[in-house]
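Coordinate analysis (summary)
If you want the building blocks of each chain, they are given just below.
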Amino acid sequence: KSTEPGQTNEGKSFKSSSRILSLLCLWESLRLGESRSIALRFKRTILSWGCCMKYRTLAGTDIRVSEIGFGLWTLVTGRWGRFTEFEAAALLHRALDQGVNFFVTTDVDAEGAGEELLAKAFRSQREEITIAVKVGYDFYHAHARLHSSGKPSVQFTPEYIRFAVDKALQRLKCERIDLLQLHDVTLEAIENQDLHETLLALKQAGKIRHHGIVLG
């Protein structure tokens, strides 16, 4: 069989060797009795050979993610249709099968439903995925809502961020968030040294791996 355009015989040989090594590692895990998620890992290893997903490392971090991410708002807000929990979980697993490992939730969307869905869908695959959580809109406290629109106002005090992270972790049923993002963060918050110290403390405590901001 001829090589694909731009692909050398050496490249094909390396890819074949990598595939064989993946199978051997899975077989060894199974032989040693490490049956947890083995079948799913085997399935995804095979399926990944046929997909064209690309990955990159987020700048300034050790987080390697698929170039295509999955925003949970598409499943929980109703703006892209209504999904049963079974249908939503099936879509998430289909994405993972196709190489998507980056899942993004916004805690204000359906009041945390995205985190709860991830916890249920990937109960035994937490280490296979990267989770980003956006926080900042205070939907927890009635007094924080804007009276004109009824929408939550943003809160970036150190106390609120610690509170929002703990709540997100409870819904995710895990010990850490891979990427915490401050949602529609204000310039005043960015310049607040106390907030930066809070984020560093959360990282040192193992509750978040990295943090950043997101606008819009």
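The residue numbering used here restarts from 1 in each chain and proceeds along that chain's sequence as written. In keeping with the model being predicted, local features are shown solely for residues with a pLDDT of at least 70 and side-chain atom pairs are shown and tallied solely at 80 or more, while totals for entire chains, interfaces and linings include all residues. No hydrogens and no water enter the side-chain calculation; it runs on all heavy atoms of the structure.

**Focus: the overall build of the protein chain**
Defined as follows: Put simply, DSSP H or I for four residues or longer makes a helix, DSSP E for two residues or longer makes a strand, and each gets a number counted from the N terminus. A 1.4 Å probe rolled over the protein chains alone gives each residue an accessible area, and that area as a share of the maximum for its type sets the label: buried under 20%, exposed over 50%, partly exposed in between. Between two residues, a contact is recorded if the distance between any of their heavy atoms is within 4.5 Å.
From N to C terminus, the protein chain includes eight helices and seven strands. Scored against the burial criterion, the 216 residues of the protein chain give a buried share of 40%. Looking at the protein chain alone, contacts between residues at least 24 apart form 67% of all its contacts between residues at least 6 apart.

**Some points on the pairing of strand E4 (residues 102–106)**
Short version of the rule: Pairs of strands are assigned from DSSP output, requiring at least two bridges between the strands.
Of all the five residues making up E4, five are buried; the element is thus mostly covered by neighbouring parts of the structure. Of the two faces of E4, the one holding Phe102, Val104 and Thr106 and the one holding Phe103 and Thr105 are both buried throughout. With two bridges connecting them, strand E3 (residues 70–71) and E4 associate as parallel partners. Bridging from a neighbouring strand, phenylalanine 70 pairs with phenylalanine 103 of E4. Sheet analysis places E4 next to strand E5 (residues 130–135), joined by five bridges and oriented parallel. Each residue of the ladder has a partner; that of threonine 105, found in E5, is valine 133.

**Some remarks on helix H4 (residues 85–97)**
Working note: α-helix, 3.6 residues per turn, so residues spaced by three or four point in the same direction. Applicable threshold: Expected span of a helix, by definition, is 1.5 Å for each gap between consecutive residues, and there is one gap fewer than residues.
With 13 residues, H4 extends 18 Å from end C-alpha to end C-alpha; this agrees with the ideal 18 Å at 1.5 Å per step. Of the positions making up H4, those classed as buried are Ala88, Ala89, Leu92, His93, Ala95, Leu96 and Asp97. Phi turns positive one or two residues past the end of H4, at glycine 99, with a value near 105 degrees.

**Describing the confidence of the model for the protein chain**
The line we're drawing: Scored from 0 to 100, pLDDT reflects the predictor's confidence in each residue.
Per-chain confidence: the protein chain averages 83 in pLDDT, with 73% of residues scoring 70 or above. Across residues 1–19, where pLDDT falls below 50, the model places eight contacts with residues more than four positions away in sequence or in other chains.

**Side note on the environment of leucine 180**
By the secondary structure assignment, leucine 180 is in strand E6 (residues 177–183). A C-alpha to C-alpha distance of 9.8 Å links leucine 180 and lysine 203, two positions 23 residues apart in sequence. If near-sequence neighbours (up to four positions away) are discounted, leucine 180 is found in contact with Val133, Val135, Ile161, Val165, Leu199, Ile208, His210, His211 and Gly212.

**Some thoughts on a nonpolar patch on the surface**
Heads up, the condition is: For patches, a residue must show more than 30% relative accessible area and have no salt bridge; joins then use 9 Å for like charges and 5 Å for nonpolar side chains, namely Val, Leu, Ile, Met, Phe, Trp and Tyr. Only the protein chains shown count as covering a residue, and every accessible area follows the Shrake-Rupley method with a 1.4 Å probe. Just to be clear on terms, a salt bridge is a Lys or Arg side-chain nitrogen sitting within 4 Å of an Asp or Glu carboxyl oxygen.
Together, Trp73, Trp80, Phe83 and Leu91 make up an exposed nonpolar region whose accessible area comes to about 410 Å². Inspection of the secondary structure puts tryptophan 73 in helix H3 (residues 73–76).

**Thoughts on the packing of aromatic side chains**
To keep it simple, the criterion reads: Whether two aromatic rings pair depends on their centres lying within 6.5 Å, for rings of Phe, Tyr and Trp, where Trp uses its six-membered ring; planes under 30 degrees apart make the pair stacked, over 60 edge-to-face, and the rest tilted.
A full pass over the atoms with the stated rule returns seven aromatic pairs. Relative to phenylalanine 103, the ring of phenylalanine 70 lies with its centre 5.9 Å away and its plane at 25 degrees, an arrangement referred to as stacked. Taken together, the residues phenylalanine 70 in strand E3 and phenylalanine 103 in strand E4 connect sequence positions 33 residues apart. Residue classification places phenylalanine 70 among the buried residues on the basis of a relative accessible area of 15%. The interplanar angle of 45 degrees and the centroid separation of 6.1 Å between the aromatic rings of tyrosine 160 and phenylalanine 163 together place this pair among those described as tilted.

**Focus on the nonpolar core**
Note the following rule: What we call a nonpolar core is a set of buried Ala, Val, Leu, Ile, Met, Phe, Trp, Tyr and Cys residues that are connected through their side-chain atoms within 4.5 Å.
Grouped together as the largest cluster of nonpolar side chains are 38 residues, with contacts concentrated most on Leu92, Phe103, Ile161 and Ile177. Elements that contribute at least two residues to this core include exactly H3, H4, helix H5 (113–121), E5, helix H6 (158–172), E6 and helix H8 (193–204). Per-element accounting of this core gives the leading share, seven residues, to H6. Within the second largest apolar cluster, six residues are counted, among which are Phe102, Val104, Ala132 and Leu179.

**Observations concerning the pattern of salt bridges**
Charged atoms that come close allow side chains of opposite charge to pair. On inspection of all chains with the given rule, the structure shows ten salt bridges. For glutamate 85, the salt bridge identified is with lysine 120, shortest N-O distance 3.1 Å. In this pair, glutamate 85 sits in helix H4 while lysine 120 sits in helix H5, placing the two residues 35 residues apart along the sequence. You can call lysine 120 partly exposed: its relative accessible area is 43%. Across the pair arginine 176 and glutamate 127 runs a salt bridge whose closest N-O atoms are separated by 3.7 Å. Placement of arginine 176 in the loop between H6 and E6 and of glutamate 127 in the loop between H5 and E5 is noted, with a sequence separation of 49 residues between them.

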